[in-house]
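Coordinates in review
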Amino acid sequence: GEDVEQSLFLSVREGDSSVINCTYTDSSSTYLYWYKQEPGAGLQLLTYIFSNMDMKQDQRLTVLLNKKDKHLSLRIADTQTGDSAIYFCAESIDDYKLSFGAGTTVTVRA
Amino acid sequence: DAGVIQSPRHEVTEMGQEVTLRCKPISGHNSLFWYRQTMMRGLELLIYFNNNVPIDDSGMPEDRFSAKMPNASFSTLKIQPSEPRDSAVYFCASSSLQETQYFGPGTRLLVL
């Protein structure tokens, strides 16, 4: 299967941590990705994790991978108003395809 | 590098007209992808080129859609004739083989 599922909406208060969750189905995925899309813009690669890793940290971003449960999460520490966007989880399938989730709309409130 | 470049950024046309979307991938990338994004269907892969050759066009909706990549630095996606249901954001992305895909800013197409 090629289904990537994410919750559609997340509201978080400025300064708090955001956690966006994703489940995927292809256990052979080599890479898993998080992309960010701001209003009216294209998809910007935020971070990715290789499938043999459990965790990757990059400044305010922490990616956790539970390969057994096929669960991926993105934690944004100290969420700012500029983090308001749609976040897409994607898994690599075959040698070139990406299967995207529907996206999680993150709204940061003051 | 300037990243993936797409033109036009916005296109408004009338039903039945031909629409041509253009993409310049990142220099040195040998894979190019065309995606369509709509509220209803999310992100859909339309076609994938590797070394200028179409490898997977299974996502192309119908014969009205065609894509070409005459050289490593240019690709087009053409819709002829266009229909209102083709209204969407069309993204081009490029990558080195089996590596991360980098997306362009997209072309917002409205067919009236």
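Higher on the page you've got the structure.
Heads up: these notes are all about the structure in this document. Bear in mind that the values here come from a model prediction, so they are computed numbers and not experimental data.

1. Focus: the pairing of strand 3 (residues 18-23) of chain A
Residues and elements named next belong to chain A. What you see with strand 3 is a clean split: Ser18, Ile20 and Cys22 sit on the buried side and Val19, Asn21 and Thr23 on the side with no burial. As paired elements, strand 1 (residues 5-6) and strand 3 share two bridges and run antiparallel to each other. Of the residues in strand 3, the one forming a bridge with Glu5 is Thr23. As paired strands, strand 3 and strand 8 (residues 71-76) are joined by six bridges and run antiparallel to one another. What sits directly across from Asn21, in strand 8, is Ser73.

2. Observations concerning the side chain of B:Thr13
Residue placement: B:Thr13 occurs in strand 2 (residues 10-13). Leaving out residues up to four positions away in the same chain, B:Thr13 has contacts with B:Val19, B:Ser82, B:Leu109, B:Leu110, B:Val111 and B:Leu112.

3. Things to note about the packing of aromatic side chains
All names here are of chain A. Following the criterion strictly, the structure yields 15 aromatic pairs over all chains and no others. Ring plane angle 40° and centroid distance 6.1 Å describe the contact between Tyr31 and Tyr33, whose orientation is recorded as tilted. Take Tyr31: its relative accessible area is 24%, and that puts it in the partly exposed class. Residue Tyr33 is classed as buried on the basis of its relative accessible area, which comes to 3%. Positioned over the ring face of Tyr48 is Lys56, at 4.1 Å from the centre of the ring.

4. Section: the nonpolar core
Formed by 21 residues in total, the largest nonpolar core has its most connected members in B:Leu32, B:Trp34, B:Phe49, B:Met60, B:Ala67, B:Leu77 and B:Tyr90. Going through the elements one at a time, strand 3 (19-24), strand 4 (31-38), strand 5 (42-50), strand 7 (65-71), strand 8 (74-79), strand 9 (88-95) and strand 11 (107-111) of chain B are the ones with two or more residues in this core. Setting aside its immediate chain neighbours within four residues, B:Phe49 contacts B:Asn30, B:Ser31, B:Leu32, B:Trp34, B:Pro54, B:Ile55, B:Ala67, B:Lys68, B:Met69 and B:Ser75. Listed in part, the 20 residues of the second largest apolar core include A:Tyr24, A:Leu65, A:Ile76 and A:Tyr87.

5. Regarding the interface of chain B and chain A
At the interface, 19 residues of chain B touch 16 residues of chain A. Of the roughly 1400 Å² buried where chain B meets chain A, counting both sides, 57% is carbon and sulfur surface. Inspection of the chain B/chain A interface yields one salt bridge. Where A:Lys97 meets B:Asp56, a salt bridge forms, and the shortest distance between an N and an O atom there is 3.2 Å. Linking chain B with chain A are six residue pairs in polar contact (both at pLDDT 80 or more). Across the side of chain B that touches chain A, the residue classes tally to nine nonpolar, six polar and four charged.

6. Focus: the environment of B:Ser7
Inspection of the secondary structure assignment puts B:Ser7 in strand 1 (residues 5-7). Those residues in contact with B:Ser7 that sit more than four places away from it in its chain are B:Leu21, B:Arg22 and B:Thr107.

Here is what the cut-offs are and how they apply
Residues numbered from 1 in each chain as written. Chains lettered and ligands numbered in written order. Predicted model: local features only at pLDDT ≥ 70, side-chain atom pairs only at ≥ 80, totals over all residues. Heavy atoms only, no water. Buried < 20%, exposed > 50% of the residue type's maximum accessible area, 1.4 Å probe, protein only. Helix = DSSP H or I, 4+ residues; strand = E, 2+ residues; numbered from the N terminus. Pairing = 2+ DSSP bridges. Contact = heavy atoms within 4.5 Å. Phe/Tyr/Trp six-rings, centres within 6.5 Å; stacked < 30°, edge-to-face > 60°. Lys NZ or Arg CZ within 6 Å of the ring centre and 35° of its normal. Core = buried A, V, L, I, M, F, W, Y, C linked by side-chain atoms within 4.5 Å. Buried area = accessible area lost by both parts, 1.4 Å probe. Salt bridge = Lys/Arg side-chain N within 4 Å of Asp/Glu carboxyl O. Polar contact = N/O pair within 3.5 Å; in protein donor to acceptor, adjacent residues only side chain to side chain. Nonpolar A, V, L, I, M, F, W, Y, C, P; charged D, E, K, R; others polar.

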